[in-house]
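Architecture and fold: a report
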Amino acid sequence: MPRRTHAVPLPSPAAGTRQQLLLHRFAPDEARHGGGHPKAYIQASLHADETPGLLVAHHLLRLLDDAATRGDVTGEIVLVPYANPIGLAQFFDQRLMGRYEFALAGGNFNRNWPDLAALAAERLDGRLTDDAAGNVAAIRATFRAALAEQRPQSALAALRLALAREACDADLVLDLHCDDLALPHLFLIPQHWPEAQDLAAELAVRAVLLAEDSGGASFDEAFSTPWLRLARRYPDVPIPPVCLAATVELRGWMDVDDAQAEADARALYRVLQRRGLLAGDPGPLPEPACRATDLAATDSLKAPAAGIVVYKVRPGDRVAKGDPICDLVDPAAEDPADARTHVEATTEGLVLSVRSHRYVAPGMALAKIVGTEPLSHRFGYLLED
Ligand SMILES: [Zn+2]
């Protein structure tokens, strides 16, 4: 069956203008492949200024169209080629600023997603049984019903709701992002490791960062963690964690080229094959390029002062605790001998990301270092924002 493309209008941001999402939906020919098929949901660039995902989605759309022509679609696949038209319109000083919402100071687009477990919980009282598959179906129907009742009051709320309605009943949710100057990596909940090894190996990610609750109610966690919360609320019935949701960090801002994006799209295609959404042999699974680690073991170094950032390391370097990561040079220091603040690694590990713009204010992120031992200062809110 060919894909169907839906346009989802968002509230007009200003008189005379319109914004809309596009959803590309691929579905199996049920006469050929039967019912009960899995669902995958893939969206690009919820942080609208993180461009690699947009190009990966462009290549993936072509691959999926070809699969549909061959009759190779065996599950439902929803591809959102640009998840954030609000952010894509936020230019300032010739730069796209797509991480935080401007209009109503709505904050980071990838925080404060709805708590599906809270929305569904009371409606499920007395309805769950010993039948795990029946519980999964009942919970998904309840998520859909609860979101169908919501009436968004802003363009941002309408955007969140449109995306959540599509992702809430998927088996696989992939949210395509990127970092600044970075190696590819994934964020997952620990309950989905090693289940997600195929995704990590196909994308050759260099880090898999696990946290059950990173503190920010991010998009991926909005669909993976409700199953854990409901399992705790209803401990006497089986509720498996059936939605594998990942934030996929496709390297850095600058890593936008056709060869890389097509390779990433083909990697995602093979993941969809391995998970029963597309027919065809994906070939042997590559060797993984890393092991998974606790997100609380990844240090996120912050600038202790304003200044010029002079790095001593690059992504991919391995460092020991106490190794120099960068200097902050204060241009206001009258004596150059007093101008430098040294920033050192607080853990042994892999330098995963650094920043491209080389002047910072206090508190801004300087680098991520992936260690293996949880750090005592890393608890509660684990994200950089
Ligand atoms: Zn992002």
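Just so it is clear, the model here is predicted, and its values are computed rather than measured.

1. Some details on the packing of helix 2 (residues 52–70) against helix 9 (residues 258–274)
Viewed as axis vectors pointing N to C, helix 2 and helix 9 meet at an angle of 60°, and their least axial separation amounts to 8 Å. Considering the angle they form, helix 2 stands oblique to helix 9. Seen along the crossing, helix 2 lies across helix 9 with a hand that is right-handed. Of the residues in helix 9, those in contact with Pro52, Leu55, Val56, His59, Leu60 and Leu63 of helix 2 are Ala261, Glu262, Asp264, Ala265, Arg266, Leu268 and Tyr269. Considering only residue class, the contact of helix 2 with helix 9 consists of 9 nonpolar, 1 polar and 3 charged.

2. Thoughts on the sheet that holds strand 19 (residues 340–344)
With antiparallel pairing, 4 strands are arranged side by side in an open sheet as 19-18-16-21. Bordering the open sheet on either side are strand 19 and strand 21 (359–360), each of which pairs with just one other strand. With 4 bridges connecting them, strand 16 (residues 307–311) and strand 18 (residues 324–329) associate as antiparallel partners. If you follow Val310 over to strand 18, its bridge partner there is Asp327.

3. What to know about the pairing of strand 12 (residues 207–210)
Residue alternation in strand 12 divides its side chains into two sets, Ala207 and Leu209 and Val208 and Leu210, and both sets are buried. Bridge count between strand 11 (residues 185–188) and strand 12: 4 bridges; the pairing is parallel. From the neighbouring strand, Phe187 faces strand 12, where its bridge partner is Leu209. Handedness of the strand 11-helix 7 (residues 197–202)-strand 12 crossover: right-handed. Note that strand 12 and strand 14 (residues 292–294) share 3 bridges and pair parallel. Paired with Leu210 across the two strands is Asp294, which belongs to strand 14.

4. Focus: the domain arrangement of the protein
Per the domain assignment, the segments making up the protein are domain 1 (4–290) and domain 2 (295–370). One C-alpha centre belongs to domain 1, the other to domain 2, and the line joining them spans 32 Å. Taken residue by residue, the interface counts 13 residues in domain 1 and 12 residues in domain 2. Elements supplying a minimum of two residues to the side of domain 1 that touches domain 2: strand 10 (181–182) and strand 12. Top element by residues in the side of domain 1 that touches domain 2 is strand 12. It accounts for 3 residues. Tallied by class, the residues present in the side of domain 1 that touches domain 2 amount to 8 nonpolar, 2 polar and 3 charged.

Procedures and definitions
Residues numbered from 1 in each chain as written. Predicted model: local features only at pLDDT ≥ 70, side-chain atom pairs only at ≥ 80, totals over all residues. Axes fitted to C-alpha atoms, helices over the stretch in contact; angles between N-to-C directions. Helix = DSSP H or I, 4+ residues; strand = E, 2+ residues; numbered from the N terminus. Parallel < 35°, antiparallel > 145°, perpendicular 65-115°, else oblique. Left-handed = near helix turned anticlockwise from the far one by under 90°. Contact = placed C-beta atoms within 7 Å. Nonpolar A, V, L, I, M, F, W, Y, C, P; charged D, E, K, R; others polar. Pairing = 2+ DSSP bridges. Buried ≥ 20, exposed ≤ 12 C-beta atoms within 10 Å, placed from the backbone. Right-handed = clockwise from strand over helix to strand, strands pointing away. Domains from an automatic or database assignment.

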